[in-house]
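One-letter residues, chain by chain:
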Amino acid sequence: MFNTKTFLLLFICCGISLSKLYAQIDSGLLKRTTTDSVKNKMNMDAVYDRPLLAADKIPIAIGGYMEANWQHLGEDGISEGHQFQFRRFTMFMSSTIGKRIKFMSELEFEDGTREINIEFAAVDFEFNPLLNLRGGIILNPIGAFNQNHDGPKWEFTDRPISATQMLPATWSTPGFGLYGKHYNKDWMFGYEAYISSGFDGSIIDNEQSRTYLGATKENIDRFEESPNGAPLYTTKLAIKNNKIGELGISYMGGIYSEYQDDGLDLDDKRSVNVFALDFNTTIRRFNTFITGEWAWVNVDVPQTYTQQYGQKQQGGFIDVVQPVLRGKLLGWENASLNLACRLEYVDWNKGKFKETGDNIGDDTKSIMGSISFRPNTQTVLRLNYRHQRTRDYIANPPVLLGGFNFGLSTYF
Amino acid sequence: MKKTNLALFAIMSLILLGQACDKFEPSEPAEEDLLDGPMEDLTYEENQRFLDGDRTFNDEVFTIEKGLGPLFVTNSCVSCHAGDGKGHIFGSLIRFGQSDETGNKFLHLGGPQLQTRAIPGYQPEVLPPGAPYAVFTPPAVTGLGLLEFVPDSYLLTTADPEDKDGDGISGRVNWIDVPDFVQPRLGSISQNGRYIGRFGKKASVYDLLQQTVDALAQDIGIASVYNPIDVYSGLEIDPEIATEKVNNLAFYLQTLKAPLPRNQDDDEVIAGKALFTQINCSSCHTPTLKTGDAPIAALANKEFHPYTDLLLHDMGPELDDGYTEGTAKSNEWRTAPLWGLGLSPDSQGGRYFLMHDGRAKSIEQAIEMHGGEAANSRDKYQKLAKEDKNKLLKFLKSL
């Protein structure tokens, strides 16, 4: 039986033996796989678009990233004081198994070892650039953040609220799919289509007391058994012009209700449908990088259940990153100093109370500023300030959260 | 050299930031604008119990796995009593089945409370045809420990069922049957095996433990040691909540601080307060009560200002929903405590829902709806000059 523990053991053994090998070989033989120029990359390539270390004769390249930070946040005058956090340690292992067959995996340790997840572990067969088959634990391509979530790529320690909590990044499930890409001069077109294991009833029954797709991630059996035997469909179309930017449209949907058990029909089939738009662009003149996504979640919640669990959610974020200094800084050749800003909004429950016709609250707004320093493209030091307002579902006066965060994140 | 300077500068700025970061965080709302918080003078052990109860009341969400439902109204205490304040119409309860002192005739049809929501796959209850009923919006839950320890004997002396003093205001106690798990307080007075109720808008609940146990069972569908009967099946089931949690919830309610009045030095507020007495609002909304002995030292022999007499009053036909509990009449309601009134919009979604079912959308409307024993007082209010009405309003909002 394949389970997380054995996988982990194997992973670590490989890591150790590799590092032993490294110790014996001339480091000149180690090759950092340089990632291709940004030009031909789309969000869908993010899983492979990572720096990896490969040694000659060894078929496996390894890599990873880590994220650590200090934060000092307070909510309505109650400060949590100084918090030192080690949010993530992620390892990648990739290999080219044979001609046009490759493997990539991402193993993540969150908050120390409190959570250990295989974020991604899939084999890709390339039949044609337009037709690839992928199978394993996949990252559902809903929005762009889910696939493109590596800490060092972002100017903020916190992941976007809409992309991690409303859309449950990092959301990975066992499944299969096809993807492909087509180029024509400056234009690029990509598609992805997967079927995978899906959501369960916890999305409308959880301790958040709101519709919460992320609740399914708590179900550790989901890599082995789908709670209702119904597949989740995820598709994404993306188009990119090297001079303009990239736009993605994605859909994810399926049945989440546990409508049958042991051959017995128990409940109605109820669906969850998610749509997302993502885009990114660089304004050449100022080198301003802009990325964002917006998503809509629709969940068929029984009318007889409580409206605390909403039928509709909506939200997104936009990051604007402005490099202010580039070049040789503090002795680093390719360094940059950036200013960035993130605006975020999530309406966890879009709708009106049946009783009064008033709007249901349950929303979060946040603005963050950042100063980041990148000594190279793979490492970032960032200082963030957040101001966030959250209203409960009755729409009472908001709870204010704010404070600083200083963190570092790097590929290794 | 320059580089190290810059690095040093960066590190120093970070350290400075680290020292002053509280300044950049949202400031705390003023103490008197918040309802949550313990009474003063609790012991270490009492504060621990308070905190434990606080967590259950304000943070715990009951999921299906934890026992929610299958029939319920909402899934947590806080969803109806946000910030310990008065609640929104969404958290209303409908109770039904009884129109006089002879008891509930609809217990076999889902009474006494309508579970208006159900977990997926189940059907919520519907009101049986012909059943008398009333709707109740959630009251604030602050300062209730003080109300709990006002001696029965005091309530009986202030009650004036026959209106012997001829002021048009009687005031009665509600004699109720208490469940077995309730342990009557020292000095409790009983009549034919019945005790005096004081919680709930019909004063039909004896103490805060009973209120907590009922809320768990009827509002959330959580069986406890004290009431292990599943509301849906009517069968005894294993408790779905630890007994200590139930006890600490009741303890939390007992030791939640009383609302703190605001702007008490404002001239208009002072004038409004005088008017309040002058037009007899205070005959029912008694400004000051006193506790007797209590097992929690912080609650014993304390004077406090709830603006209620804890008694039932005939409020006239307009407020008579034809439904009742215990020995209360259907037109009788327990005087609503007015402390914390001005903070209600902070927990009712920015507006007021007043009177037992939230039918009044403003304080003025609430006063206009007073009838029966309160009709005299209401008439006097109506005759007040506009400025005086405003002063009275300002006073009420300062509570």
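Residues numbered from 1 in each chain as written. Chains lettered and ligands numbered in written order. Predicted model: local features only at pLDDT ≥ 70, side-chain atom pairs only at ≥ 80, totals over all residues. Heavy atoms only, no water.

Let's talk about the overall build of chain B
So, step 1. Helix and strand counts for chain B come out as 10 helices and 12 strands.
So, step 2. Based on the C-alpha atoms only, the size of chain B along its principal axes is roughly 95 × 60 × 40 Å.
So, step 3. A total of 399 residues make up chain B; the buried ones form 54% of that total.
So, step 4. Sequence-distant contacts in chain B: of pairs separated by 6 or more residues, those separated by 24 or more amount to 67%.
So, step 5. Carbon and sulfur atoms make up 54% of the accessible area of chain B, which totals about 17,800 Å².
So, step 6. When the 36 positive and 58 negative side-chain charges of chain B are each reduced to one mean point, those points stand 5 Å apart. (Helix = DSSP H or I, 4+ residues; strand = E, 2+ residues; numbered from the N terminus. Buried < 20%, exposed > 50% of the residue type's maximum accessible area, 1.4 Å probe, protein only. Contact = heavy atoms within 4.5 Å. Areas by Shrake-Rupley, 256 points an atom, 1.4 Å probe, with all protein chains shown as cover. Lys, Arg positive; Asp, Glu negative; His and termini not counted. Charge placed at Lys NZ, Arg CZ, Asp CG, Glu CD.)

Points about the nonpolar core
So, step 1. Core analysis: the largest hydrophobic core is formed by 78 residues, its most contacted members being F199 and V299 of chain A.
So, step 2. Two domains each donate at least three residues to this core, and these are domain 1 (37-144 + 176-255) and domain 2 (267-398) of chain B.
So, step 3. Other than its neighbours up to four places away in sequence, F199 of chain A contacts P168, W171, L213, T216, P227, N228, L232, M252, I255, Y256 and V272 of chain A.
So, step 4. I279, Y352, L354 and I367 of chain B belong to the second largest nonpolar core, which has 21 residues in total. (Core = buried A, V, L, I, M, F, W, Y, C linked by side-chain atoms within 4.5 Å. Domains from an automatic or database assignment.)

Some details on the sheet that holds strand β2 (residues 93-96) of chain B
Residue and element names in this part refer to chain B.
So, step 1. In space, the 3 strands of this open sheet follow the order β3-β2-β5, with antiparallel pairing throughout. Each edge of the open sheet is held by one strand with a lone partner, namely β3 (113-114) and β5 (133-136).
So, step 2. Bridge analysis of β2 against β5 gives 4 bridges, and the strand direction is antiparallel. Bridged to I94 within β5 is V135. (Pairing = 2+ DSSP bridges.)

Notes on a negative patch on the surface
Residues and elements named next belong to chain A.
So, step 1. A cluster of like negative charges, contributed by D221, E224, E225, E258, D261 and D262, occupies part of the molecular surface.
So, step 2. For E224, the location among the structural elements is in the loop between β9 (187-196) and β10 (232-241).
So, step 3. Exposure remark for E224: the relative accessible area of 62% places this residue in the exposed category. (Patch = residues over 30% accessible without salt bridge, like charges linked within 9 Å, V, L, I, M, F, W, Y side chains within 5 Å. Salt bridge = Lys/Arg side-chain N within 4 Å of Asp/Glu carboxyl O.)

Brief notes about the interface of chain B and chain A
So, step 1. With 44 residues of chain B in contact, the opposing surface of chain A contributes 42 residues.
So, step 2. The largest per-residue losses of area from chain B upon contact with chain A belong to E25, P26 and F90 of chain B, which jointly make up 19% of the total buried on that side.
So, step 3. Along the contact surface separating chain B from chain A lie 3 salt bridges.
So, step 4. Among the ionic pairs, R117 of chain B bridges to E355 of chain A, the shortest N-O distance being 2.9 Å.
So, step 5. Here chain B and chain A share 16 residue pairs in polar contact (both at pLDDT 80 or more) between them.
So, step 6. When residues in the side of chain B that touches chain A are grouped by element, the largest group, 5 residues, is from helix α1 (residues 2-20) of chain B.
So, step 7. Considering only residue class, the side of chain B that touches chain A consists of 21 nonpolar, 14 polar and 9 charged. (Buried area = accessible area lost by both parts, 1.4 Å probe. Polar contact = N/O pair within 3.5 Å; in protein donor to acceptor, adjacent residues only side chain to side chain. Nonpolar A, V, L, I, M, F, W, Y, C, P; charged D, E, K, R; others polar.)

A short note on the domain arrangement of chain B
All names here are of chain B.
So, step 1. Taken domain by domain, chain B holds domain 1 (37-144 + 176-255) and domain 2 (267-398).
So, step 2. Of note, the centres of domain 1 and domain 2, computed from C-alpha atoms alone, are 23 Å apart.
So, step 3. With 39 residues of domain 1 at the contact, the number on the domain 2 side is 30 residues.
So, step 4. The tally of links between domain 1 and domain 2 comes to 2 salt bridges.
So, step 5. Here E325 and R95 are joined by a salt bridge, their closest N and O atoms 2.6 Å apart.
So, step 6. Applying the counting criterion to the domain 1 and domain 2 interface returns 13 residue pairs in polar contact (both at pLDDT 80 or more).
So, step 7. Secondary structure elements with two or more residues in the side of domain 1 that touches domain 2: β2, β5 and α6 (243-255).
So, step 8. The biggest single contributor to the side of domain 1 that touches domain 2 is β5, with 4 residues.
So, step 9. Of the residues in the side of domain 1 that touches domain 2, the class split is 15 nonpolar, 13 polar and 11 charged.

Considering the pattern of salt bridges
Residues and elements named next belong to chain A.
So, step 1. Taken as a whole and judged by the stated rule, the model has 37 salt bridges over all chains.
So, step 2. D362 is the salt-bridge partner of R210, the closest N and O atoms lying 2.8 Å from each other. Here R210 is found in the loop between β9 and β10, whereas its partner D362 is found in the loop between β17 (332-347) and β18 (363-376), with 152 residues between them in sequence. One exposure class covers both R210 and D362, and it is buried.
So, step 3. Among the ionic pairs, K236 bridges to D278, the shortest N-O distance being 2.9 Å.

A short note on the pairing of β2 of chain B
So, step 1. Bridge count for β2 of chain B against β3 of chain B is 2 bridges, and the pairing is antiparallel. Note that in β3 of chain B the partner of R95 of chain B across the bridge is Q113 of chain B.

Thoughts on the sheet that holds strand β8 (residues 194-197) of chain B
Strand pairing in a sheet relies on backbone hydrogen bonds, with the paired strands running either antiparallel or parallel.
All names here are of chain B.
So, step 1. Spatially, β6-β8-β7 is the arrangement adopted by the 3 strands of the open sheet, whose pairing is antiparallel. Bordering the open sheet on either side are β6 (174-176) and β7 (190-191), each of which pairs with just one other strand.
So, step 2. The pairing of β7 with β8 spans 2 bridges and is antiparallel. Counterpart to S190 in the pairing with β8 is Y195.

Quick word on the confidence of the model for chain A
So, step 1. Per-chain confidence: chain A averages 88 in pLDDT, with 90% of residues scoring 70 or above.
So, step 2. Under a pLDDT of 50 for its full length, residues 7-28 of chain A has, in the predicted model, 22 contacts with residues more than four places off or in other chains. (pLDDT = per-residue confidence, 0-100.)

A word on the confidence of the model for chain B
So, step 1. When pLDDT is averaged across chain B, the result is 93; 97% of the residues are at 70 or more.
So, step 2. Prediction confidence for the complex, expressed as pTM and ipTM, is 0.90 and 0.88 respectively.

Looking at the state of the cysteines
Residue and element names in this part refer to chain B.
So, step 1. For the structure shown, the criterion picks out 0 disulfides over all chains.
So, step 2. In this structure C77 is a free cysteine whose sulfur lies 8.5 Å from that of C80, the closest cysteine sulfur available.
So, step 3. By relative accessible area, C77 is classed as buried at 12%.
So, step 4. Free of any disulfide, C284 has its nearest neighbouring cysteine sulfur in C281, separated by 9.0 Å. (Disulfide = S-S within 2.5 Å.)

Here's the deal with the side chain of H72 of chain A
So, step 1. One can find H72 of chain A in strand β3 (residues 60-75).
So, step 2. Of the residues examined, H72 of chain A reaches a relative accessible area of 3% and is grouped as buried.
So, step 3. Polar contacts involving the side chain of H72 of chain A include one to the side chain of E25 of chain B, which spans 2.5 Å.
So, step 4. Contact partners of H72 of chain A, with chain neighbours within four places excluded, come to S79, G81, H82, G402, G403 and F404 of chain A together with C21, D22 and E25 of chain B.

Some words on the side chain of R159 of chain A
Residue and element names in this part refer to chain A.
So, step 1. Of note, R159 is situated in the loop between β7 (131-139) and α2 (161-166).
So, step 2. In this structure R159 is buried but unpaired, with E108 as the nearest side chain of opposite charge at 4.1 Å.
So, step 3. The contact partners of R159, leaving out residues within four places of it in the chain, are Y65, R88, E108, F145, H149, T164, T170 and R342.

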